[in-house]
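# Commentary on secondary and tertiary structure
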Amino acid sequence: MEIITTAAISLIATIIIESGVLLLLKEQRRQVYIAEVIINILTNIPLNVWAIVGYRDFIEIIIAEIIIMIVESLWYYMFVKRVRTATIYGVLCNTISFLTGILITLIIELAYSTFASYS
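Here is a short report on the structure shown in this document.

Conventions used here
- Residues numbered from 1 in each chain as written.
- Predicted model: local features only at pLDDT ≥ 70, side-chain atom pairs only at ≥ 80, totals over all residues.
- Heavy atoms only, no water.
- Helix = DSSP H or I, 4+ residues; strand = E, 2+ residues; numbered from the N terminus.
- Axes fitted to C-alpha atoms, helices over the stretch in contact; angles between N-to-C directions.
- Left-handed = near helix turned anticlockwise from the far one by under 90°.
- Contact = heavy atoms within 4.5 Å.
- Nonpolar A, V, L, I, M, F, W, Y, C, P; charged D, E, K, R; others polar.
- Salt bridge = Lys/Arg side-chain N within 4 Å of Asp/Glu carboxyl O.
- Buried < 20%, exposed > 50% of the residue type's maximum accessible area, 1.4 Å probe, protein only.
- Parallel < 35°, antiparallel > 145°, perpendicular 65-115°, else oblique.

## A closer look at the environment of Val37
Checked against the element boundaries, Val37 lands in helix H2 (residues 30–54). Distance from Val37 to Ile61, taken between C-alpha atoms, is 21 Å for residues 24 residues apart in sequence.

## Comments concerning the packing of helix H3 (residues 58–80) against helix H4 (residues 83–118)
Helices that pack against each other are described as a pair by the angle of their axes relative to one another and the distance between those axes. The geometry of H3 relative to H4 is characterised by a closest axis approach of 8 Å and an angle of 145° between their N-to-C directions. By crossing handedness, the relation of H3 to H4 is classed as right-handed. Across from Phe58, Ile61, Ile62, Glu65, Ile68, Met69, Glu72, Ser73, Tyr76, Tyr77 and Val80 in H3, the residues of H4 making contact are Val83, Thr85, Ala86, Thr87, Tyr89, Gly90, Val91, Cys93, Asn94, Thr95, Phe98 and Ile102. Of the residues contributing to the contact of H3 with H4, the split by class is 15 nonpolar, six polar and two charged.

## What to know about the pattern of salt bridges
Within the structure shown, the criterion is met by one salt bridge. In this structure, Arg29 and Glu27 form a salt bridge, with 2.7 Å as the shortest nitrogen-oxygen distance. The partly exposed category is assigned to Arg29, whose relative accessible area is 35%.

## Observations regarding the packing of H2 against H3
Running from N to C, H2 and H3 point in directions that differ by 160°, and their axes come no closer than 10 Å. As the angle between them shows, H2 and H3 are arranged roughly antiparallel. Read as a crossing pair, H2 and H3 show a hand that is right-handed. On H3, the residues that touch Gln31, Val32, Ala35, Glu36, Ile38, Ile39, Asn40, Thr43, Leu47, Trp50 and Ala51 of H2 are Glu60, Ile61, Ala64, Glu65, Ile68, Val71, Glu72, Trp75, Tyr76, Phe79 and Val80. Partitioning the contact of H2 with H3 into residue classes produces 15 nonpolar, three polar and four charged.

## Let's talk about unusual backbone geometry
Phi is positive for Lys26, close to 65°, though the residue is something other than glycine. Tracing the chain through its elements places Lys26 in the loop between helix H1 (2–24) and H2. Judged by its relative accessible area of 66%, Lys26 falls in the exposed class. Even without a glycine there, the phi angle at Lys81 is positive, about 60°. Residue placement: Lys81 occurs in the loop between H3 and H4. Classification of Lys81 as exposed rests on a relative accessible area of 57%.

The analysis is restricted to geometry; functional conclusions fall outside its scope.
Structure (structure tokens):
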């Protein structure tokens, strides 16, 4: 059950973060936001389950993220019809959500270790 919860939280956070990136990039087409949700359901859940179940090391996750970045850029191209825009969306959305995820994980681990040392 923990895997499902973790994957669901990760998916929701990713969708919020990547939607925010698209908003900052001034994307206005509803179909692009729908496409963003769909592609994240198709890529984020399998990635997180694979990473959690397999206890992957950081380099494996980076390689998987790069593959997903390429797949998502191709997916965005189907909706925006411009290579440059699709690439920017794929790279920025994934990089920012990935780095935000790392930052949140580090903050949680730091808070946990700090509180655990007081008990």
